[in-house]
Amino acid sequence: MTNNSITKRVTMKKVAVFGNAGGGKSTLSKRLSEITGLPLYILDKIQYQSGGAEVPYEEYKHTHEKILATDRWIIDGFGCRETLWLRLNEADSLVFVDLPLYVHFWWVTKRLISGSFIPPEGWPENSPILKSSINSYRALWLCHKYLTSRYREYVDRAQNTKSVYHIRSTEEIAQFLESVLQMTDD
């Protein structure tokens, strides 16, 4: 996990949590919000209505802009390419969940199975589990093919100006949250 100095971590106010589907971003974001007290905005809940219908693009974009204009937030998810890069540029802290592709696939599969019994973390109410999971499998390949390398390049360049947490394993998720918890206890 790539970490900047503790001084920079203390100033964590605008946090973008991003990465491929099924990486545990929503669970991580929820816990990070609990630890830091920063308000959490889950893009899937902003971009999709209860039942899975997509919110009109201009409405989603307007809501996203209003969040970015505030001085404290954690934003979890992808949204769309246009808002993604705006968000990453505006954030002072980047949490890039970059697990091995097979882990993302396994966690999407686990979410599909468990989602039949318990709604997935961070999803709008009454989301169609099967349809959404199929979309997640498709997104896995597309993100891996077109975005993951761009994400890696972006976080490498951003390390000079932002706090960057490049999480590459499930163990690093727990280590990251523990380091933030310790930081708030000091």
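Residues numbered from 1 in each chain as written. Predicted model: local features only at pLDDT ≥ 70, side-chain atom pairs only at ≥ 80, totals over all residues. Heavy atoms only, no water.

In this section: the packing of helix α4 (residues 57-69) against helix α5 (residues 81-90). Taken N-terminus to C-terminus, the directions of α4 and α5 make an angle of 0°; their axes are 11 Å apart at the nearest point. Relative to α5, α4 is oriented roughly parallel. Contacts from Tyr-57, Tyr-60, Lys-61, His-64 and Leu-68 of α4 reach α5 at Glu-82, Thr-83, Leu-86, Arg-87 and Glu-90. Classifying every residue of the contact of α4 with α5 gives four nonpolar, two polar and four charged. (Axes fitted to C-alpha atoms, helices over the stretch in contact; angles between N-to-C directions. Helix = DSSP H or I, 4+ residues; strand = E, 2+ residues; numbered from the N terminus. Parallel < 35°, antiparallel > 145°, perpendicular 65-115°, else oblique. Contact = heavy atoms within 4.5 Å. Nonpolar A, V, L, I, M, F, W, Y, C, P; charged D, E, K, R; others polar.)

The next subject is a nonpolar patch on the surface. A grouping of Ile-113, Phe-117 and Ile-118 is seen on the molecular surface, where their side chains present a nonpolar patch of about 380 Å² in accessible area. Relative to the elements of secondary structure, Phe-117 occurs in the loop between α6 (101-114) and α7 (129-146). Assessed through its relative accessible area of 70%, Phe-117 is described here as exposed. (Patch = residues over 30% accessible without salt bridge, like charges linked within 9 Å, V, L, I, M, F, W, Y side chains within 5 Å. Areas by Shrake-Rupley, 256 points an atom, 1.4 Å probe, with all protein chains shown as cover. Salt bridge = Lys/Arg side-chain N within 4 Å of Asp/Glu carboxyl O. Buried < 20%, exposed > 50% of the residue type's maximum accessible area, 1.4 Å probe, protein only.)

Next up on the list: α5. Of the residues making up α5, those classed as buried are Thr-83, Leu-84, Trp-85, Arg-87 and Leu-88. Residues of α5 that are buried sit in contact with β1 (14-19), α3 (43-47), α4, β3 (73-76), β4 (93-97) and α8 (148-158).

It is worth spelling out the environment of Phe-18 at this point. You can see Phe-18 is positioned in strand β1. You can call Phe-18 buried: its relative accessible area is 1%. For the pair Phe-18 and Val-95, spaced 77 residues apart in sequence, the C-alpha separation works out to 6.4 Å.

Below, the discussion takes up the sheet that holds β4. With respect to topology, five strands assemble into an open sheet ordered β2-β3-β1-β4-β5, the strand pairing being parallel. Edge positions in the open sheet fall to β2 (40-42) and β5 (163-167), since each of these has one partner strand only. Ignoring strand direction, the axes of neighbouring strands in this sheet form an average angle of 15°. Bridge analysis of β2 against β3 gives three bridges, and the strand direction is parallel. (Pairing = 2+ DSSP bridges.)

By themselves, these observations are geometric and do not establish any function.
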